[in-house]
Amino acid sequence: MSETIETEAQIASAMRTDAPPAIVLEGVNKWFGALHVLRDVNLSVATGERVVVCGPSGSGKSTLIRCINRLETHQEGKILVDGIELSDDLRSLDAIRREVGMVFQSFNLFPHLTILENCTLAPIWVRRMPKKEAEELAMEYLTRVRIPEQAKKYPGQLSGGQQQRVAIARALCMKPKIMLFDEPTSALDPEMIKEVLDTMVMLASTGMTMICVTHEMGFARQVADRVVFMDRGEIVESGEPESLFSDPKTDRLKLFLSQILRGH
Amino acid sequence: MSDITANTAVPHQAGAERRQPPVATTGIVAWARMNLFSSWINTAVTLALGYLVVRWTIGFVDWAFLNAIWSVPVVNGQAQTQACREIKGVGACWAVVTEKHRFILFGTYPYEEHWRPLLVCVLFVALYIVSALRRFWNWRLIPIWVGTLTAIGILMWGGVFGLTYVPQERWGGLPITLILSTFGLAFAFPLAVLVALGRRSKLPAIKTLCVLYVELIRGVPLISLLFMASVMFPLFLPEGMNIDKLLRAQVAITLFAGAYLAEVVRAGLQTLPRGQYEAADALGLSYWQKTGFIILPQALRLVIPPLVNTFIGFFKDTSLVLIIGIFDLLTAGKTAIVEPAWQGFGIEVYITIGLIYLVFCFAMSKYSQDLERELNRHRRR
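The rules behind the values
- Residues numbered from 1 in each chain as written.
- Chains lettered and ligands numbered in written order.
- Predicted model: local features only at pLDDT ≥ 70, side-chain atom pairs only at ≥ 80, totals over all residues.
- Heavy atoms only, no water.
- Helix = DSSP H or I, 4+ residues; strand = E, 2+ residues; numbered from the N terminus.
- Buried < 20%, exposed > 50% of the residue type's maximum accessible area, 1.4 Å probe, protein only.
- Areas by Shrake-Rupley, 256 points an atom, 1.4 Å probe, with all protein chains shown as cover.
- UniProt positions renumbered as here; feature names shortened; annotations may be inferred.
- Contact = heavy atoms within 4.5 Å.
- Buried area = accessible area lost by both parts, 1.4 Å probe.
- Salt bridge = Lys/Arg side-chain N within 4 Å of Asp/Glu carboxyl O.
- Polar contact = N/O pair within 3.5 Å; in protein donor to acceptor, adjacent residues only side chain to side chain.
- Domains from an automatic or database assignment.
- Lys, Arg positive; Asp, Glu negative; His and termini not counted.
- Pairing = 2+ DSSP bridges.
- Core = buried A, V, L, I, M, F, W, Y, C linked by side-chain atoms within 4.5 Å.
- Phe/Tyr/Trp six-rings, centres within 6.5 Å; stacked < 30°, edge-to-face > 60°.
- Lys NZ or Arg CZ within 6 Å of the ring centre and 35° of its normal.
- Axes fitted to C-alpha atoms, helices over the stretch in contact; angles between N-to-C directions.
- Parallel < 35°, antiparallel > 145°, perpendicular 65-115°, else oblique.
- Left-handed = near helix turned anticlockwise from the far one by under 90°.
- Nonpolar A, V, L, I, M, F, W, Y, C, P; charged D, E, K, R; others polar.

## Some details on the overall build of chain A
For step 1, the next point in the chain: Tallying secondary structure elements over chain A gives ten helices and ten strands in all.
For step 2, the next point in the chain: For chain A, the C-alpha atoms occupy an extent of roughly 55 × 45 × 40 Å along the three principal directions.
For step 3, the next point in the chain: For chain A, buried positions account for 55% of its 264 residues.
For step 4, the next point in the chain: On chain A, roughly 11,700 Å² of surface is accessible, and the fraction owed to carbon and sulfur atoms is 52%.

Here is the structure:
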């Protein structure tokens, strides 16, 4: 099963090499006060590529993907998303946020709106989609994450795993070109992690460009075209998951992998 | 079957102890035993307080109802209040309310035109009721408010549609209280929301302005603000220009209420987790979409109790306008008993006015409780 997906992915990525990159980071630097959280980060993600970012806590991986839709601002360097450079210009920011979906560790569903309203709000107001069409689209994605029957409920009535799947559906309703996942399974009980990962695997099979910050190495092996290992704000190593995990070049990655594997 | 009946039907057998029934743990008697008579101190306190309550209630019923005088004869336009003076301290003289209720309610508004302020009060109450119903919570509420308030203005001032003109100086009583509090809170609330948002703004100029406004207004007593509005403000105006006194008081009250409400709203904004802002941003919602759909609906629900607390406080604080000579309900009541015939019957008038305030405030309080329960349904699992 996993073999077929991998070969498919390889074929797909081989076909995509000509396409312009979806995301480009060039010499990105960021400081929180005196703390240097991103050091000269260079990263290029091709359209349709699936990248997993891993690393110890505090290594800057969340900050990195939060810079991509400007929930954090970088101080030096250049970030291009879908060919548009991130800057203080609000119009380009709106354009980018429309194309980039994000899933958070703590779900961040809107508790005062029903599941359906959570999914239709942005399509209606940002994409100017007619209400009926937005609702049909939302139901389609809720069906795809396998919780259409919960549409009329409020987030507080759902389990963590269900809420995170709603969050994925909510992001997909904007029909983004790129999806960012910020540790989507870290706040979940173990028995709920699988249902969210399954949803992400399903999404990966549709050819979506994805960047996932996660510690789920099984997921990385299964769907990632590339794994990026970060430590202390810099990209230390990157490569295909198999070679990176079986043959780490640096001591930092060796140490990290031994800690991760001990935990599992 | 019959064996068993035979056995249990013999209660007085020799040697079988008679057992007391267990002490009841439910019902009013049990509650009283547990809470009021659990020890000899509790028993003593209960009896003493019970005695006082009963004595006071009997005294009040005697004074307010049994010995009360409900009306007095009027000779040549002079109320004959001797009967009332004779029973002073023993019975209430509700005759003062019977006789003066139109002055208390409508102040010095021309007597034969009293139907107009009465209709205004009815319109206000209707407006409150319509606004309280959730099925009217949409754009239709705006024309309803604009229409009603315009009608209220026309009724009070007159001068059109064959209504005689009544200058603002002659308005008084309940309509003034309702006008000051309704307009005051209707303008103060949106102002407060903007100021609360401004205080959290990233733009330094807006932020400073909002902080200054809140701190300056909050640091000054309402009375001094009213004085400034009524005495100092006209001095700065160019000669010949005059702004209505009621309007000036209205602005002072609105600004004052706005500063207090802004802090209540800000408290609500601060309780929202950052993730809600980030999720809205990540979806591409604009600042006003984010604020209107995500942030305010959640923040305002959380602060319904302190909001209503402030609303109720300001409803009553409008009575402070008496110090600048505006005839609100309380001032009209005070003035009603200035007349020599009715001097000394303040208690009856104040009780009546207190009841009117109570009706409005209690309605607000009760409604807010229902609203809170209704709007926070999503928090229950």
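## Regarding the UniProt feature "transmembrane region" (unreviewed entry) in chain B
For step 1, the next point in the chain: The feature "transmembrane region" (unreviewed entry), as annotated in UniProt, sits at residues 40-58, 115-133, 145-166, 178-198, 210-237, 249-269, 307-327 and 347-367 of chain B in this numbering.
For step 2, the next point in the chain: Taken as a whole, residues 307-327 of chain B contains 52% helix and 0% strand, while its terminal C-alpha atoms sit 27 Å from one another.

## Points about helix H2 (residues 61-68) of chain A
Residues and elements named next belong to chain A.
For step 1, the next point in the chain: Among the eight residues of H2, seven are classified as buried, and the element is accordingly described as predominantly covered.
For step 2, the next point in the chain: Along H2, the residues classified as buried are Lys-61, Thr-63, Leu-64, Ile-65, Arg-66, Cys-67 and Ile-68.
For step 3, the next point in the chain: Just past H2, the residue Arg-70 takes up positive phi, approximately 60 degrees.

## A look at the interface of chain A and chain B
For step 1, the next point in the chain: Counting residues at the interface gives 24 residues for chain A and 21 residues for chain B.
For step 2, the next point in the chain: Taking both partners together, chain A and chain B bury about 2,100 Å²; carbon and sulfur atoms supply 61% of that area.
For step 3, the next point in the chain: Among the residues of chain A in contact with chain B, Arg-97, Phe-110 and His-112 of chain A are the three that bury the most area, contributing 27% of the side total.
For step 4, the next point in the chain: Run the count over chain A and chain B and you get one salt bridge.
For step 5, the next point in the chain: Seen at the junction of chain A and chain B, the total is six residue pairs in polar contact (both at pLDDT 80 or more).

## Notes on the domain arrangement of chain B
For step 1, the next point in the chain: Here chain B is described as being made up of domain 1 (28-66), domain 2 (111-165) and domain 3 (171-326).
For step 2, the next point in the chain: On a C-alpha basis, the centres of domain 1 of chain B and domain 2 of chain B stand 47 Å from each other.

## Examining the side chain of Asp-182 of chain A
Residue and element names in this part refer to chain A.
For step 1, the next point in the chain: Within the fold, Asp-182 resides in strand E7 (residues 178-182).
For step 2, the next point in the chain: In this structure, Asp-182 is buried with no salt-bridge partner, the nearest side chain bearing the opposite charge being Arg-66 at 4.7 Å.
For step 3, the next point in the chain: Side-chain polar atoms of Asp-182 contact the side chain of Ser-62, separated by 2.7 Å.
For step 4, the next point in the chain: Once residues lying within four places of it in the same chain are set aside, the contact partners of Asp-182 are Ser-62, Ile-65, Arg-66, Met-102, Val-103, Phe-104, Gln-105 and Val-213.

## Here we look at the pairing of strand E10 (residues 234-239) of chain A
For step 1, the next point in the chain: Pairing of strand E9 (residues 226-231) of chain A with E10 of chain A involves five bridges; the strand directions are antiparallel. The residue bridging Asp-231 of chain A from the neighbouring strand is Glu-234 of chain A, located in E10 of chain A.

## Structural notes on the nonpolar core
For step 1, the next point in the chain: Membership of the largest hydrophobic core comes to 129 residues, with the highest contact counts inside it found for Leu-25 of chain A together with Leu-269 and Trp-342 of chain B.
For step 2, the next point in the chain: Beyond its immediate sequence surroundings of up to four residues, Leu-25 of chain A is in contact with Val-41, Asn-42, Leu-43, Leu-64, Ile-68, Lys-78 and Ile-79 of chain A.
For step 3, the next point in the chain: Formed by 53 residues, the second largest nonpolar core is a distinct cluster that contains Ile-168, Met-192, Met-217 and Ile-260 of chain A.

## Quick notes on the packing of aromatic side chains
Two aromatic rings, taken as a pair, are described by how far apart their centres are and by the angle between their planes.
Residues and elements named next belong to chain B.
For step 1, the next point in the chain: Tallied over the full model, the rule gives 16 aromatic pairs over all chains.
For step 2, the next point in the chain: Both rings, one in Trp-56 and one in Phe-60, keep their centres 5.3 Å apart while their planes meet at 10 degrees; by these two values the pair is stacked. You can see Trp-56 and its partner Phe-60 sitting in helix H3 (residues 40-66), four residues apart, about one turn around the helix.
For step 3, the next point in the chain: Relative accessible area serves as the criterion here: at 59%, Trp-56 is assigned to the exposed category.
For step 4, the next point in the chain: Looking at Phe-60, the relative accessible area reads 32%, which means it is partly exposed.
For step 5, the next point in the chain: Ring plane angle 65 degrees and centroid distance 6.0 Å describe the contact between Trp-63 and Trp-94, whose orientation is recorded as edge-to-face. With Trp-63 in helix H3 and Trp-94 in the loop between helix H4 (82-86) and helix H5 (95-106), this pair connects stretches of sequence that are 31 residues apart. There is no split in this pair, since Trp-63 and Trp-94 are both buried.
For step 6, the next point in the chain: Grouping aromatic residues by their ring pairs yields a cluster made of Trp-56, Phe-60, Trp-63, Trp-70 and Trp-94.
For step 7, the next point in the chain: Sitting over the ring of Phe-103, Lys-100 keeps its end group 5.9 Å from the ring centre.
For step 8, the next point in the chain: The ring centre of Tyr-111 lies 4.0 Å from the NZ or CZ of Arg-102, which sits over that ring.

## Some remarks on the environment of Pro-148 of chain A
For step 1, the next point in the chain: Position of Pro-148 of chain A among the secondary structure elements: in the loop between helix H5 (131-144) and helix H6 (160-172).
For step 2, the next point in the chain: The residues contacting Pro-148 of chain A, other than those within four sequence positions of it, are Met-139, Leu-142 and Thr-143 of chain A.

## Brief notes about the side chain of Asp-225 of chain A
For step 1, the next point in the chain: Along the chain, Asp-225 of chain A falls in the loop between helix H8 (217-223) and E9.
For step 2, the next point in the chain: Side-chain polar atoms of Asp-225 of chain A contact the backbone nitrogen of Arg-50 of chain A, separated by 2.7 Å.

## Remarks on the pattern of salt bridges
For step 1, the next point in the chain: Summed over all chains, the structure comprises 29 salt bridges over all chains.
For step 2, the next point in the chain: Of the charged contacts, one joins Glu-135 of chain A and Lys-131 of chain A as a salt bridge, the two residues approaching to 3.9 Å between their closest N and O atoms. On the criterion of helical spacing, the pair formed by Glu-135 of chain A and Lys-131 of chain A is a turn pair, its members being four residues apart in helix H5.
For step 3, the next point in the chain: For Asp-198 of chain A, the salt bridge identified is with Lys-194 of chain A, shortest N-O distance 2.9 Å. Of this pair, Asp-198 of chain A and Lys-194 of chain A both sit in helix H7 (residues 190-204), four residues apart, which is roughly one turn of the helix.
For step 4, the next point in the chain: A relative accessible area of 32% means that Asp-198 of chain A is categorised as partly exposed.
For step 5, the next point in the chain: One network of salt bridges, with partners in common, ties together Arg-199, Glu-215, Arg-218, Glu-263 and Arg-266 of chain B.

## Remarks on unusual backbone geometry
For step 1, the next point in the chain: The phi dihedral of Arg-128 of chain A is positive, around 55 degrees, even though this residue is not glycine.
For step 2, the next point in the chain: Of note, Glu-183 of chain A is a non-glycine position whose phi angle comes to about 45 degrees, a positive value.

## A look at the packing of helix H8 (residues 174-199) of chain B against helix H9 (residues 204-218) of chain B
All names here are of chain B.
For step 1, the next point in the chain: Put simply, H8 and H9 touch, their axes get as near as 8 Å, and they point 125 degrees apart. Classified by the angle their axes make, H8 and H9 are oblique. As H8 runs across H9, the sense of the crossing is left-handed. Facing H8, whose interface residues are Leu-191, Val-195, Gly-198 and Arg-199, H9 presents Ile-206, Lys-207, Cys-210, Val-211, Tyr-213, Val-214 and Glu-215.
For step 2, the next point in the chain: In the contact of H8 with H9, the residues fall into seven nonpolar, one polar and three charged.

## Section: the sheet that holds strand E3 (residues 50-54) of chain A
All names here are of chain A.
For step 1, the next point in the chain: Spatially, the six strands line up as an open sheet ordered E6-E7-E8-E3-E9-E10, and their pairing is mixed. Pairing within the sheet leaves two strands with one partner each, and these edge strands are strand E6 (100-103) and E10. Geometrically, the sheet is characterised by an average inter-axis angle of 20 degrees between neighbouring strands, direction not taken into account.
For step 2, the next point in the chain: Across four bridges, E3 lies against E9 in parallel orientation. Among the inter-strand pairings, Val-51 is bridged to a residue of E9, identified as Arg-226.
For step 3, the next point in the chain: Packing against the sheet, H6 makes contact with E6 and E7, and its axis sits at approximately 170 degrees to E6.
For step 4, the next point in the chain: The strands that H7 touches are E3, E7 and strand E8 (209-213); relative to E8, the one it contacts most, it runs at about 150 degrees.

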